[in-house]
Amino acid sequence: MSTAVELQHALEKTETSLHQAQQDFTQLKQISSQYLAETGPTIQTETPIPVDKPLVTDLPTPSTQATTTVPPPHPLQQILKDWGAPVIEISYFLAAVLFILGLKKMSSPLTAKKGIIWAGVGMLIATLVTFGYPNMHNYTLILIALVIGALPAWWFAKRVAMTDMPQMIAIYNGMGGGAAAAIAAVELFRSTSQGFDHGLTVQTLAVLGALIGSVSFSGSLIAFAKLQSIMKKSWIFPHQKLLNLVIFGIAVLLGIIIVIQGQAPIPLLIAFFLLTLIFGVLMTLPIGGADMPVVISLYNALTGLAVAFEGFVLGNAAMIIAGTVVGSAGTLLTQLMAKAMNRSLGNVLFSGFGATAGQIVDESSVQGSLKPIDASDAGVMMAYAKQVIIIPGYGMAVAQAQHKLWELTKALTDKEVTVKFAIHPVAGRMPGHMNVLLAEAGVPYDMIFDLDEINAEFSQTDVALVIGANDVVNPIARTDPSSPIYGMPILNADYAKNVIVIKRGRGTGFSGIENYLFYADNTRMLYGDGQKMVAELLHAVKEL
Amino acid sequence: MLAGFSGFTAIYIFMLAAFTGYEVISRVPVILHTPLMSGSNFIHGIVLVGAMVALGHAITPIEQTIGFIGVVLAVGNAVGGYFVTERMLAMFKRGGQQ
């Protein structure tokens, strides 16, 4: 077909719809003037719009000049019918733009607060206009579901302690995955009960989204249970990987049958969803608590992908865009986290952490001895230092020492000591978690430095204060290739002139590896509870 | 279906959105990893819109039940994700700021 003919066709189409609009408008006017005549003073009607005059004169008038005699039910309904769809489309588009801009703003500490608000506005707009979506029923059910879901989520989100943030993210993420799977389920059940086919592409994406979404759902619930310490041990049994593979294989097989069949029988659909849920549980069970952040981040990316697929099923561009953006951003974030933890993603997913670590280095190879110090001496040492670098670990957060630590920082700054915080990427329970915990205590983020930013400064530092951190300052990661943490980037605390380590007892770190830093000549051990020891240091500094 | 775009348009959207997501956070500092993960977790809460439509189109009791669960889960994702992220980000401040 040539372009001219195509163009003419398009013009004809446009003209028809224009005609329709003009007719609708006239009818609307008639109805409203009728209404006004009945209820109030008459309004002088303007000259009627010429309906029959074609807009493009050198084209033949379309033959489809329908002369509808049935008046529209109600002016308001007519307006919703004419403008509902474009308004929804524009609002979804706006929401997608706000999400991307919000995410961009969230990647810099200066604008991050604005970022989440922008994204929130986008979400609110998208949710509100969805009530005007065409052919919707069950409004009461929707409203009840919104209230039932929103209230507890809001309540818990407002109250959860900052230390428990990782599992909170896990559970909210799991809910998103579950919702994506539920959308797929409704669409697949609907095509069976109402006897229509989605078409191969849509059916495939619905099944894929269902698979990913329910794995993310049940997997995130296990991640939550592990981080919340409801479930303490990692479940490892013989032939586990084989069993997982078999279950995954059957689930995929059922998925393929559902795609081919189009209108799949209900029991088959139920079996498929159950298997995917079980696979999510089995896949997450053997993964240790320390690797959970990477897993949560991965499930976050997967949920995004599932949302994008279901967005395709529903023809919803906002879901496709937002889901895909989260899918790719989440994948990148997962890689960054895995890299920071010196673990590959495959390693995290397919081997329990306990398998490689836990081997304790032969004690006899450790040179030197542990040299204790008391708080007043340590305080004096810090007060007369030029620069102090504080290295907090998760132990600090467990001891709730961050507020006292900030007070100590202020006291030292008053004595013209430069204080900096050095954060290892895996400090806390996920990358960036420690920053949140310090921020909660009031430590400004420009005092906090990454490993790359600060490692060169240790050699010019008088005192490095290690509190609640262990493996991330162990020099063995640089020197001993046989060590399980060999190659992991560490904070070079041992290069500082003096090192003070606050530690509860003599035990080894979380990986069970002896820390060579504690035996170094320039290291002094300050034994005791983190919060109490920092309070004593503060006292000592203030006394001077 | 509202938008009714063809398969290829969807693939274009998919590809461009994937690049956007990657570019937007490729230079993010480690200090923001946790809030950013939480923020992106909130953004896929847009699944709420789809869950509402799915429940709105559900007819049989089993569809309505699953749709209902879907909306409950989705709104939990959106609301919980928002307030958790907002709480974390509200704490970040620079020196001298109180």
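Sorry, what's going on with the pattern of salt bridges here?
A side chain of one charge can pair with a side chain of the opposite charge when the charged atoms of the two come close. Residue and element names in this part refer to chain A. In this structure the tally under the stated criterion is six salt bridges over all chains. A salt bridge links Arg 190 to Glu 187, with the nearest nitrogen and oxygen atoms 3.3 Å apart. Separated by three residues within a single helix, Arg 190 and Glu 187 lie in helix 5 (residues 165-193), roughly one turn from each other. Residue Arg 190 shares its accessibility class with Glu 187, and that shared class is buried.

Where do I start with the interface of chain A and chain B in this structure?
How big an interface is tends to be reported as the loss of accessible area on association of its parts. With 108 residues of chain A in contact, the opposing surface of chain B contributes 81 residues. Of all residues in chain A, the largest losses of buried area upon contact with chain B belong to Ile116(A), Met123(A) and Tyr445(A), amounting jointly to 7% of the total for that side. Where chain A touches chain B, the interface holds 19 residue pairs in polar contact (both at pLDDT 80 or more). Among the secondary structure elements, those contributing two or more residues to the side of chain A that touches chain B are helix 2 (75-106), helix 3 (112-130), helix 4 (139-159), helix 5, helix 9 (292-314), helix 10 (317-340) and helix 15 (433-441) of chain A. At 16 residues, helix 5 of chain A tops the list of elements feeding residues into the side of chain A that touches chain B. Residues that form the side of chain A that touches chain B fall into these classes: 73 nonpolar, 26 polar and nine charged.

Looking at this structure, how should I read the packing of aromatic side chains?
How two aromatic rings sit relative to each other is given by the distance of their centres and the angle of their planes. One pass over the structure, following the stated rule, counts eight aromatic pairs over all chains. Ring centres of Phe131(A) and Tyr139(A) lie 6.4 Å apart, and the angle between their planes is 25 degrees; this geometry places the pair in the stacked category. Phe131(A) sits in the partly exposed class, given a relative accessible area of 25%. The interplanar angle of 90 degrees and the centroid separation of 5.3 Å between the aromatic rings of Tyr82(B) and Phe83(B) together place this pair among those described as edge-to-face. A relative accessible area of 17% places Tyr82(B) in the buried class.

Would you mind going over unusual backbone geometry with me for this structure?
Working note: non-glycine residues mostly have negative phi, and peptide bonds are mostly trans. Residue and element names in this part refer to chain A. For Asn 135, which is not glycine, the phi torsion reads 55 degrees and is therefore positive. Checked against the element boundaries, Asn 135 lands in the loop between helix 3 and helix 4. Although it is not a glycine, Asn 138 sits at a positive phi angle of roughly 55 degrees. Counting through the fold element by element, Asn 138 comes out in the loop between helix 3 and helix 4. Given a relative accessible area of 17%, Asn 138 falls into the buried group.

Explain the environment of Gly70(B) here, please?
Checked against the element boundaries, Gly70(B) lands in helix 4 (residues 61-90). Distance in space between the C-alpha atoms of Gly70(B) and Val47(B) is 9.0 Å, their sequence separation being 23 residues. Not counting residues within four places of it along the chain, the set of residues in contact with Gly70(B) comprises Ala179(A), Ala182(A) and Ala51(B).

I keep staring at the pairing of strand 2 (residues 418-423) of chain A and nothing clicks. Help me out?
Along any regular strand, the residues point their side chains to alternate faces of the sheet. Residues and elements named next belong to chain A. Taking burial as the measure, the six residues of strand 2 include five buried ones, the bulk of the element. As defined by bridge partners, strand 1 (residues 387-392) adjoins strand 2 across four bridges and the pair is classed as parallel. Across the sheet, Gln 387 pairs through a bridge with Thr 418, a residue of strand 2. By the bridge criterion, three bridges tie strand 2 to strand 3 (residues 448-450) in an arrangement that is parallel. Residue Phe 421 lies in a different strand from strand 3, and its bridge partner there is Ile 448. Read as a crossover between parallel neighbours, the route from strand 2 over helix 15 to strand 3 is right-handed.

Sorry, what's going on with the nonpolar core here?
Soluble globular proteins tend to pack their nonpolar side chains together in the buried interior. Residues Leu408(A) and Ile46(B) are the most contacted members of the largest nonpolar core, which totals 174 residues. Setting aside residues no more than four positions away along its own chain, Leu408(A) makes contact with Met382(A), Leu465(A), Val534(A), Leu537(A), Leu538(A) and Val541(A). Residues Ile389(A), Val472(A), Ile485(A) and Phe518(A) belong to the second largest nonpolar core, which totals 28 residues.

Please clarify how the packing of helix 6 (residues 200-227) of chain A against helix 8 (residues 266-284) of chain A should be interpreted in this entry.
Helix packing geometry: the angle between the two helix axes and the distance between the axes. Residues and elements named next belong to chain A. It is the contact of helix 6 with helix 8, at a shortest axis distance of 7 Å, that shows an interaxial angle of 40 degrees. The angle between helix 6 and helix 8 falls in the class oblique. Our pair here, helix 6 against helix 8, has a crossing hand that is right-handed. The segment helix 6 lies against helix 8, with Val 207, Ala 210, Leu 211, Ser 214, Val 215, Phe 217, Ser 218, Gly 219, Ile 222, Ala 223 and Lys 226 engaging Phe 272, Phe 273, Thr 276, Leu 277, Phe 279, Gly 280, Val 281, Met 283 and Thr 284. Each residue belonging to the contact of helix 6 with helix 8 can be placed in one class, and the counts come to 13 nonpolar, six polar and one charged.

Honestly, the sheet that holds strand 1 of chain A in this entry has me stumped. Any pointers?
The strands making up a sheet associate through hydrogen bonds between their backbones, and the pairing can be parallel or antiparallel. Residue and element names in this part refer to chain A. Strand order in the open sheet made by the six strands is 3-2-1-4-5-6, with parallel pairing throughout. Looking at strand neighbours, the two that pair on one side only are strand 3 and strand 6 (523-527), the edges of this open sheet. Taking the axes of each pair of neighbouring strands and ignoring which way they run, one obtains an average angle of 25 degrees across the sheet. Inspection of the sheet shows strand 1 paired to strand 4 (residues 463-467) by five bridges, in the parallel sense. Bridge assignment links Ile 389 to a residue of strand 4, and that residue is Ala 464.

About the thresholds
Residues numbered from 1 in each chain as written. Chains lettered and ligands numbered in written order. Predicted model: local features only at pLDDT ≥ 70, side-chain atom pairs only at ≥ 80, totals over all residues. Heavy atoms only, no water. Salt bridge = Lys/Arg side-chain N within 4 Å of Asp/Glu carboxyl O. Helix = DSSP H or I, 4+ residues; strand = E, 2+ residues; numbered from the N terminus. Buried < 20%, exposed > 50% of the residue type's maximum accessible area, 1.4 Å probe, protein only. Contact = heavy atoms within 4.5 Å. Buried area = accessible area lost by both parts, 1.4 Å probe. Polar contact = N/O pair within 3.5 Å; in protein donor to acceptor, adjacent residues only side chain to side chain. Nonpolar A, V, L, I, M, F, W, Y, C, P; charged D, E, K, R; others polar. Phe/Tyr/Trp six-rings, centres within 6.5 Å; stacked < 30°, edge-to-face > 60°. Pairing = 2+ DSSP bridges. Right-handed = clockwise from strand over helix to strand, strands pointing away. Core = buried A, V, L, I, M, F, W, Y, C linked by side-chain atoms within 4.5 Å. Axes fitted to C-alpha atoms, helices over the stretch in contact; angles between N-to-C directions. Parallel < 35°, antiparallel > 145°, perpendicular 65-115°, else oblique. Left-handed = near helix turned anticlockwise from the far one by under 90°.

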